[in-house]
Amino acid sequence: MRLHLGYVPLCDAAPVIAAHEMGFARAEGLDLDLTAEPSWATLRDRLALGYLDAAHILAPLALASALGLSGPPSDLIVPLSLSLNGNAITLSGSLWAAMAPESERLADVARAFARIARARRQAGKPLTLGTVHPFSSHTYQLRLFAEAGSLDPAAVRLVAVPPQHSVEALARGIVDGFCAGAPWNAVAVAAGLGRIAALGCEVAPDAPEKVLAVAPRLDGAIPPLVRAVARAGRWCADPANRSELAHRLARRAYLNLDPALIARTLEGTIVLDGTGLQREAPDYLRLDAAAQEPRAAHAGWVLAQMKAAGQGPLDDLLPAAEAVYRPDLYAAAGLSPA
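Residues numbered from 1 in each chain as written. Predicted model: local features only at pLDDT ≥ 70, side-chain atom pairs only at ≥ 80, totals over all residues. Heavy atoms only, no water.

### A look at the sheet that holds strand 1 (residues 2-7)
For clarity, the cut-off: A strand pair is defined by DSSP finding two or more bridges across the two strands. Think of it this way: any DSSP run of H or I at least four residues long counts as a helix, any run of E at least two long counts as a strand, and we number them from the N terminus. Lines fitted to the C-alpha atoms define the axes, with helices restricted to the stretch that makes contact. Angles between their N-to-C directions range from 0 to 180 degrees. Residues count as neighbours in contact if any of their non-hydrogen atoms are within 4.5 Å of one another.
The strand order across the open sheet formed by 5 strands is 2-1-3-11-4, and the pairing between neighbours is mixed. With one partner strand each, in any of the chains shown, strand 2 (31-36) and strand 4 (77-81) form the two edges of the open sheet. For this sheet, the mean inter-axis angle between neighbouring strands, taken without regard to orientation, is 30 degrees. Note: strand 1 against strand 2, 6 bridges, orientation parallel. Residue pairing in the sheet places Gly 6 in a bridge with Thr 35 of strand 2. Contacts from helix 1 (residues 14-21) reach strand 1, strand 2, strand 3 (54-58) and strand 11 (210-214) within the one sheet, and its direction differs from that of strand 2 by about 140 degrees. Sitting on the sheet, helix 11 (residues 222-237) touches strand 1, strand 2, strand 3, strand 4 and strand 11, and the angle it makes with strand 4 is about 30 degrees.

### What about the side chain of Asp 12?
Within the secondary structure, Asp 12 sits in the loop between strand 1 and helix 1. Beyond its immediate chain neighbours, meaning those up to four positions away, Asp 12 contacts His 56, Ser 83, Glu 209, Lys 210, Leu 285 and Leu 287.

### A short note on unusual backbone geometry
With omega at 10 degrees, the peptide bond leading from Ala 182 into Pro 183 counts as cis. Note on placement: Pro 183 falls in the loop between strand 9 (177-181) and helix 9 (184-190). One non-glycine residue with positive phi stands out, namely Asn 85, at about 65 degrees. Mapped onto the elements, Asn 85 comes out in strand 5 (residues 84-85). Non-glycine residue Asp 219 carries a positive phi angle of around 50 degrees. Among the secondary structure elements, Asp 219 is positioned in the loop between strand 11 and helix 11.

### Here's the deal with the nonpolar core
Stated precisely, the cut-off is as follows: Think of a nonpolar core as a cluster: buried Ala, Val, Leu, Ile, Met, Phe, Trp, Tyr and Cys residues, connected wherever their side-chain atoms sit within 4.5 Å. Exposure categories follow from relative accessible area, calculated using a 1.4 Å probe and restricted to protein chains: below 20% of the type maximum is buried, above 50% is exposed, and the middle band is partly exposed.
One finds Leu 212 and Leu 225 to be the most contacted residues of the largest nonpolar core, which totals 55 residues. Among the elements that make up this core, the one with the highest residue count is helix 11 (9 residues). Discounting residues that sit within four places of it in the chain, Leu 225 has contacts with Leu 3, Leu 5, Leu 30, Leu 32, Ala 54, Leu 212, Val 214 and Leu 218. In this structure, Leu 76, Val 175, Val 211 and Ala 299 belong to the second largest nonpolar core, which totals 42 residues.

### Some details on helix 6 (residues 106-122)
Put simply, the rule reads: By definition here, a helix of n residues has an expected span of 1.5 Å times n minus one.
Under the 1.5 Å per step criterion, the end-to-end length of helix 6 is 24 Å for 17 residues, consistent within 8% with the ideal 24 Å. Within the span of helix 6, buried status applies to Asp 108, Val 109, Ala 110, Ala 112, Phe 113, Ala 114, Ile 116 and Ala 117. Against strand 6 (87-92), helix 5 (93-99), strand 7 (128-131), helix 7 (137-148) and strand 10 (194-199) lie the buried residues of helix 6. Two residues or fewer past helix 6, Gly 124 is found with a positive phi of approximately 80 degrees.

### Quick notes on the environment of Arg 111
To keep it simple, the criterion reads: Pairs of N or O atoms within 3.5 Å make up the polar contacts considered here, provided that, within protein, one atom can donate a hydrogen while the other can accept it, and that residues adjacent in sequence are counted only when both atoms are side-chain atoms.
Along the chain, the position of Arg 111 falls in helix 6. The partly exposed category is assigned to Arg 111, whose relative accessible area is 45%. C-alpha separation for the pair Arg 111 and Met 99, spaced 12 residues apart in sequence, amounts to 8.8 Å. Setting aside residues up to four positions removed in sequence, Arg 111 forms contacts with Arg 105 and Gly 149. Separated by 2.5 Å, the side chains of Arg 111 and Asp 108 make a polar contact.

In structure tokens form, the structure reads like this:
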């Protein structure tokens, strides 16, 4: 059976890409046609309208689409989680210099950011930060980062920038910083354009990030697809496969980047600035088996963040949100957490 899957160019698209590249899909009798989508909004619409059979998608956007909060009405379901964590907040070099935080601790960095943000707002020139989509853990992590410095998130202007365009937006001064997934923070640092201020896994540990969303019409194709992508994800998480994975992701058809940069990201060696200052963060991006089960608790966390961000009347939507996540289909595929 041939299936059309969409993704956005990011390291956490690795399970979908590896399912195709490494033969996991073929072993399940599936042929995957992969399409790199230009933005999360485009991917959401193409999935909802039936142009895609399944997709690597933001967990909050999958829920928002299924709940009728974003884009065309959709009946998509989530039988597999693809990743936890993977994001970082990158600020321009000039903003970081103005902040001059007392230490690298999250609380100190957030307080220094809040001080500048308040001053800029009072001057009528609020800071502008890029987020990949309003319904994203990136939006919620930016809000939590602001709150960690006792700053009202409304003091900062958020604009939607597709992750693969975040570095360009920073270079052109369209944004003062951004929150995006790997590897785009590392790309900004390598280009001398930004300074990683905080890791998503510090701001919101083990936040649900990407999921595999599928159309229910796939029916009998869902278990083999889930098995293929889950097994590919476990292959991706094995350190023994890191070099091969980095080189596959680095290809022009996927990320079109330096494989060494991708490899560092996958291993959790985060280069923070142009001086080579590093931080070891083994949980920076999690693709392991324990991250794969679609959990109702993840839906609950996302819904709580949506509510805090004022993204709609959500008080009665928890049962519907939890129903989007399908651990029964995950189990029916013969999978269980490691």
